[in-house]
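Chain and residue survey
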Amino acid sequence: MDPRIPRLRRKLAAIPFQPLRSHSFGEEQHKFRLGPKQAEARVAAFEAEHDIALPDAYRQFLTHIGGSGAAPFYGLMPLERCSLLVMNLREKPGTPRGFDDAEPGSHGRDLFLHVIEMGCTDVCVIAVTGPLTGRVLIGNSDGFWGPNASSATEFLDWYERWLNHMSAGRDNRALELTSPQLRAQPDRHRMAPKI
């Protein structure tokens, strides 16, 4: 087990009780609760069914922390609701790219697993193949904005960044965190994904 896991559990347990923490968009949905951990056999069956290997940090989260719930936006989706996506081919240089469902035989392209519910056509994915493997990206399925890859190189670091920024009461546009200071003056700024 990754040594960060007990630390992440402690940080998550403390978040709801911190009066000066940031507001995480969608927290009303998951209420900082995690769903049951995924059994190792269930994760292996998912990987076999989709002919993929989940990035280790994400797999560790599922099997040692929780299989759904508390996460940025509307929360981590249960594994059975996650779907494989491919990034749209670029039509014109410099235009944003969206995501489509991965069709059988699309394993020659980079694959992304839709893991966190953001609402509408926005997606939060983790790369499962290609040069971005293990990295979390946010984007829009229709290509209206993004995709933006997190500078955190893997899921546990990305998740801890969310917890740290929230605990510190910081704004974070990419994670849709709104600080108490910003909430005091809501008309000054709308948190939206950085384009």
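Summarised in this report is the structure supplied together with it.

The rules we used
Residues numbered from 1 in each chain as written. Predicted model: local features only at pLDDT ≥ 70, side-chain atom pairs only at ≥ 80, totals over all residues. Heavy atoms only, no water. Disulfide = S-S within 2.5 Å. Buried < 20%, exposed > 50% of the residue type's maximum accessible area, 1.4 Å probe, protein only. Helix = DSSP H or I, 4+ residues; strand = E, 2+ residues; numbered from the N terminus. Pairing = 2+ DSSP bridges. Polar contact = N/O pair within 3.5 Å; in protein donor to acceptor, adjacent residues only side chain to side chain.

Re the state of the cysteines
Each disulfide consists of a covalent bond between the sulfur atoms of two cysteine residues. Evaluation of the coordinates by the stated rule reveals 0 disulfides. Unpaired in this structure, C82 has its nearest cysteine sulfur neighbour in C124, at a distance of 10 Å. Taking relative accessible area as the criterion, C82 reaches 6% and is therefore assigned buried. Residue classification places C124 among the buried positions, given a relative accessible area of 0%.

Describing unusual backbone geometry
Backbone geometry places K31, a non-glycine residue, at a positive phi of 50°. Its location among the elements puts K31 in the loop between helix 2 (27-30) and helix 3 (40-50). Phi at F32 is positive, roughly 60°, even though this residue is not glycine. Locating F32 in the fold gives a position in the loop between helix 2 and helix 3.

Examining the sheet that holds strand 5 (residues 122-127)
Spatial strand order, 3-2-4-5-6-7: 6 strands in an open sheet with antiparallel pairing. Each having just a single partner strand, strand 3 (99-101) and strand 7 (148-149) make up the two edges of the open sheet. Two strands pair when backbone bridges link them, and strand 2 (residues 83-87) and strand 3 are joined in this way by 3 bridges, in the antiparallel orientation. Paired with M87 across the strands is F99, a residue of strand 3.

Observations concerning the side chain of E154
Looking at the element boundaries, E154 is found in the loop between strand 7 and helix 5 (155-167). In terms of polar contacts, E154 uses its side chain to reach the side chain of R4, at 2.6 Å.

Function cannot be inferred from these measures alone, as they are strictly geometric.
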